[in-house]
Amino acid sequence: MKEKKECCHKTKERSEKEYKNLIHRLNRIEGQIRGIKKMVENDSYCTEILVQVSAVNAALNSFNKVLLSNHIRTCVAEDIRQGKEETIEELVFTLQKLMK
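Residues numbered from 1 in each chain as written. Predicted model: local features only at pLDDT ≥ 70, side-chain atom pairs only at ≥ 80, totals over all residues. Heavy atoms only, no water.

Visitor: Summarise the overall build of the protein; cite the residues concerned and give the values.
Guide: Scanning the protein for helices and strands turns up three helices and zero strands. Listing every helix and strand of the protein by position from the N terminus yields α-α-α. Taken against the 2.2 N^0.38 rule, which gives 13 Å for 100 residues, the C-alpha radius of gyration of the protein at 19 Å runs more than 25% over that of a compact globule. In terms of its C-alpha atoms, the protein occupies a principal-axis envelope of roughly 55 × 40 × 30 Å. Buried positions account for 16% of the 100 residues belonging to the protein. A sequence separation of at least 24 residues applies to 52% of the contacts in the protein between residues at least 6 apart. Here the protein has roughly 8,700 Å² of accessible surface; of this, 56% comes from carbon and sulfur atoms. (Helix = DSSP H or I, 4+ residues; strand = E, 2+ residues; numbered from the N terminus. Rg over C-alpha atoms; globule rule 2.2 N^0.38 Å. Buried < 20%, exposed > 50% of the residue type's maximum accessible area, 1.4 Å probe, protein only. Contact = heavy atoms within 4.5 Å. Areas by Shrake-Rupley, 256 points an atom, 1.4 Å probe, with all protein chains shown as cover.)

Set out below in structure tokens:
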């Protein structure tokens, strides 16, 4: 019988308000993506689709800003208070990935 390995993923408990805000944003983005798919299926004109894709990109960027802001104010701040310096390197790495 194979032994189960413990998961090493970090988790984050979010407030009800934060959770609802993030889910609401993701639901809207999901709806926008479905709309773009429908536009492609209906042979919509390219520029109309591109405008909608741009709107989705803006919505995703906004989602990232909110999530990153919450992350810095909670997870990062708490880890720094606890002396976990590796969190700063993790944040720098994350910011570098986001800025590609």
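Visitor: Report on the pattern of salt bridges, specifying residues and quantitative values.
Guide: Per the counting criterion, the structure on display carries eight salt bridges. Note that Glu41 is salt-bridged to Lys37, the shortest N-O span being 3.9 Å. Highlighted residues: Glu41 and Lys37, both in helix H1 (residues 16–41), separated by four residues, approximately one helical turn. An identical accessibility class is assigned to Glu41 and Lys37; each is exposed. Note that Lys84 is salt-bridged to Asp79, the shortest N-O span being 3.9 Å. Put simply, Lys12, Arg14 and Glu18 are held in one network by salt bridges that share partners. (Salt bridge = Lys/Arg side-chain N within 4 Å of Asp/Glu carboxyl O.)

Visitor: Provide a residue-level description of a nonpolar patch on the surface, including the pertinent values.
Guide: Among the surface-exposed residues, Tyr19, Ile23 and Leu26 lie close enough to one another that they form a single nonpolar patch of about 260 Å² accessible area. When you line up the elements, Ile23 lands in helix H1. Here Ile23 falls in the partly exposed class, since its relative accessible area comes to 33%. (Patch = residues over 30% accessible without salt bridge, like charges linked within 9 Å, V, L, I, M, F, W, Y side chains within 5 Å.)

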